[in-house]
Amino acid sequence: MKGSIIDDKRSDAVQLSAKELQRYSRHLIMPEVTAEGQKRLKAASVLCIGAGGLGSPAALYLACAGVGTLGLVDFDRVDLTNLQRQVLHGTKDIGRSKLESACDRLQDINPEIELKLHDCRFSSGNAQQIVADYDVVVDGSDNFATRYLSNDVCVFARKPNVYGSVFRFEGQTTVFAPHLSGPCYRCLFPEPPPPDSVPNCAQAGVLGVLPGIIGMLQAVETIKLILGIGEPLIGRLVHFEALKVHFRELKLRRDPQCPVCGENPTIFGPIDYDQFCGAREDGSVPAVSVQELKRKMDASEAFELVDVREPFEFEIARIDGAKLIPLSEIAERADELQREQPIVVHCHSGRRSAQAVRLLQQRGFANVYNLEGGIDAWSDAIDPSVPKY
Ligand SMILES: [Zn+2]
């Protein structure tokens, strides 16, 4: 590492109080840190995108470490299903905004640091303005649109983007920093995967401790960049597999053709990431709301309700009258469905069913609708006796 991303002028301008010297004593006695490094940490500002699975451990340890300004951006509320991994929040916080809950916890951990709360969705409209105030971005987002957005704005602003992602028993992390000679996210993935092809945590699950491990690695990398010590994960990606306890390292290369950091860039500002990632494709298939489905049921209208989730999900929760045909079987079992009457397709949250609607449309079904929000929305808005999972 050539040096800290915090220049001397800024770290020289801060002082450590007697209390801080005591608080950080285990840092100060290490020759790689000392009061010099601790002042760099205090002078630094880090933005965590998301106060969820990855953002929780990252923010906790960055606060402990004495990062002077810690920003959090999130718009979500704490939900019971979050607590299996989002260690910033507790049972008493269910229903509260994640930012408020995170703020209480982080202030308790370290009242010496400044917390900046951005209570909004990180979007093309606000991302550049938010990122401008920080030295490093820790991307704890759980969707492709936000990942491309945070990557692009960090490239534009010449700030390191500490990336992490988790899936079931696996996770990976790296540092994207073209201005420090590394690749960016787009160098690796010029195109997002087709919508619906990659399930998220809500659909595929994640071992709760996994984001803990990856989020802490993101904190480690952030602290190293600030202290200017060690070998940062620039141009290297670490992949962790929990079941075998394998850490693998992959070399990453910059793509000279990269549209944001390449030799002839074509993108100079945030784009429409929802459109780029096809996240709006859910809306491009005909859809009905859970209220409309309830009305159809109450009116005894003729239609077929198809559940494209897996059998184990059907065991946990179901909507009465639904016929189970898992997404992987829908194409070959399409003949089991009646073409004459409307078909409403549902899954857990609406993504798999949107894909099923498209598959059925390709097979000539003209009267097929996606249930918006899936069985989750049904449980929330219509029938709370249907368990959420
Ligand atoms: Zn790039």
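Quick note: structure is the one above.
The rules behind these values
- Residue indices follow the written sequence of each chain, beginning from 1 at its first position.
- Given that the model is predicted, a residue must reach a pLDDT of at least 70 before its local features are reported, and side-chain atom pairs must reach 80 or more before they are shown or counted; all residues, however, enter totals for whole chains, interfaces and linings.
- Heavy atoms throughout the structure, all of them, feed into the side-chain values; hydrogens and water do not.
- Ligating atoms shown are N, O and S within 2.8 Å of the metal, or 3.2 Å for Na, K and Ca, and water is not included, meaning a site may look less than complete.
- Square planar and octahedral sites, with four and six donors, are those where opposite donors lie more than 155 degrees apart and all other angles lie between 65 and 115, tetrahedral sites have four donors with every angle between 85 and 135 degrees, and the rest are irregular.
- Only DSSP runs of H or I covering at least 4 residues are called helices, and only runs of E covering at least 2 are called strands; the numbering of each starts at the N terminus.
- Burial status follows relative accessibility: with a 1.4 Å probe on protein chains alone, a residue under 20% of its type maximum counts as buried, one over 50% as exposed, and anything between as partly exposed.
- Helix span, as expected, comes to 1.5 Å for every residue beyond the first.
- Residues count as neighbours in contact if any of their non-hydrogen atoms are within 4.5 Å of one another.
- An axis is simply a line fitted to the C-alpha atoms; with a helix, the fit covers only the stretch in contact. Between two such axes, the angle follows the N-to-C directions and lies from 0 to 180 degrees.
- Our angle categories are set so that under 35 degrees counts as roughly parallel, over 145 as roughly antiparallel, 65 to 115 as roughly perpendicular, and the remainder as oblique.
- Handedness of a crossing follows from how the near helix is turned relative to the far one, being left-handed for an anticlockwise turn of less than a right angle and right-handed for a clockwise one.
- In this classification, Asp, Glu, Lys and Arg are treated as charged, Ala, Val, Leu, Ile, Met, Phe, Trp, Tyr, Cys and Pro as nonpolar, and every other residue, Gly included, as polar.

1. What to know about the coordination of the zinc ion
Protein-derived ligands of the zinc ion are Cys184 (SG), Cys187 (SG), Cys258 (SG) and Cys261 (SG), with the metal-ligand distances lying across 2.3 Å. Of note is the zinc ion, whose 4 donor atoms meet at the metal with angles of 93 to 120 degrees in an arrangement that counts as tetrahedral. Donor residues for the zinc ion sit on one chain with the sequence pattern C-x2-C-x70-C-x2-C. With Cys184 in the loop between β6 (170–176) and α9 (185–188) and Cys258 in the loop between β8 (246–251) and α12 (273–276), the pair connects residues that are 74 residues apart, well separated along the chain. What makes Cys258 buried here is its relative accessible area of 1%.

2. Description of helix α6 (residues 98–109)
In an α-helix, one full turn covers 3.6 residues, which means residues spaced three or four apart are oriented alike. With 12 residues, α6 ought to run about 16 Å at 1.5 Å a step, and its terminal C-alpha atoms sit 16 Å apart, in line with that. Among all positions of α6, only Lys98, Leu99, Ser101, Ala102, Cys103, Leu106 and Ile109 are buried. At its buried positions, α6 is contacted by α2 (18–23), α5 (55–65), β2 (69–73) and β3 (114–118).

3. Side note on the packing of α5 against α6
Across the interface, α5 lies against α6 with an axial gap of 9 Å and an inter-helix angle of 30 degrees. Judged on the interaxial angle alone, α6 and α5 are roughly parallel. As α5 packs across α6, the resulting crossing turns out to be right-handed. Residue-level contacts link Ala59, Leu60, Ala63 and Cys64 of α5 to Arg105, Leu106 and Ile109 of α6. The residue makeup of the contact of α5 with α6, split by class, is 6 nonpolar, no polar and 1 charged.

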